[in-house]
Amino acid sequence: MGVKILVNAAGIAYEHQMCNHPDEEWYKVIDINLNGIYRTTKLCFPGMIERKWGRIINIASTSASIGAPLHAAYCTSKAAILGLTRCVALEGALYGVSCNSISPGWVETKLAEGMIGRLSQIEGRTATEYLEEIKESYPQKRIIQPQEIGAVAAFLCRDEALGITMQDITVSAGSLW
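Rules behind the numbers
Residues numbered from 1 in each chain as written. Predicted model: local features only at pLDDT ≥ 70, side-chain atom pairs only at ≥ 80, totals over all residues. Heavy atoms only, no water. Disulfide = S-S within 2.5 Å. Buried < 20%, exposed > 50% of the residue type's maximum accessible area, 1.4 Å probe, protein only. Helix = DSSP H or I, 4+ residues; strand = E, 2+ residues; numbered from the N terminus. Polar contact = N/O pair within 3.5 Å; in protein donor to acceptor, adjacent residues only side chain to side chain. Contact = heavy atoms within 4.5 Å.

Colleague: Honestly, the state of the cysteines in this entry has me stumped. Any pointers?
Modeller: One pass over the structure, following the stated rule, counts 0 disulfides. Among the cysteines around cysteine 44, which has no disulfide bond, cysteine 99 carries the closest sulfur, lying 12 Å off. In this structure cysteine 44 comes out as buried when scored by relative accessible area, which is 12%. No disulfide involves cysteine 99; its sulfur sits 9.5 Å from the nearest other cysteine sulfur, which is in cysteine 87. Using a relative accessible area of 1% as the deciding quantity, one classes cysteine 99 as buried.

Colleague: Teacher, can you tell me more about the side chain of serine 63 here?
Modeller: Relative to the helices and strands, serine 63 resides in helix α2 (residues 63-66). A polar atom in the side chain of serine 63 sits 2.9 Å from the side chain of serine 61.

Colleague: What is the right way to read the side chain of arginine 55 from this model?
Modeller: Mapped onto the fold, arginine 55 is located in strand β2 (residues 54-59). Since its relative accessible area comes to 1%, arginine 55 is described here as buried. A distance of 3.1 Å separates the side chain of arginine 55 from the backbone oxygen of glycine 96, its partner in a polar contact. Dropping the residues within four chain positions of it, arginine 55 is found in contact with Lys4, Ile5, Leu6, Met48, Gly96, Ser98, Leu156, Cys157, Arg158, Asp159 and Leu162.

Colleague: Explain the environment of arginine 51 here, please?
Modeller: Relative to the helices and strands, arginine 51 is located in helix α1 (residues 23-51). Sequence spacing of arginine 51 and glutamate 129 is 78 residues, and the spatial spacing of their C-alpha atoms is 50 Å. In contact with arginine 51, not counting residues within four places along its chain, are Met1, Gly2, Val3 and Lys4.

Structural data, given as structure tokens:
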């Protein structure tokens, strides 16, 4: 039967200034966030092409377009996902296979919780204070919930969404970041 829908969502992050970023942590972020998508797509894509139907959704981030201090590896990996998404979308277009990315801002997940905890420590604040500042900076005054990302992904998997391909869809409560 094979994979018909592939959602690439694995991701990690470390906080380091570029000048002292440990190489092994750089490589780990790139390997999980980018090379993981490459591997799973390379494995599943041929069957989708053969069946003339498939949906690939890559979870990127608003940081793919904005950047952030202390997150060179994370931002680089997420920006590269956008390029990979576009290439796969073009290769799959003739075969009924779409490929899109979703770029969330802050989403209430364990990854975000850990990142907020580490960043708040670096800045000498509590995680609660840091989280409230994020919420206040967003036009909607809230953080995105995981089910909102799931709803966008589910829509992109519908037959009616075939014409949406090679797109990066931002879900960020109105914020650039």
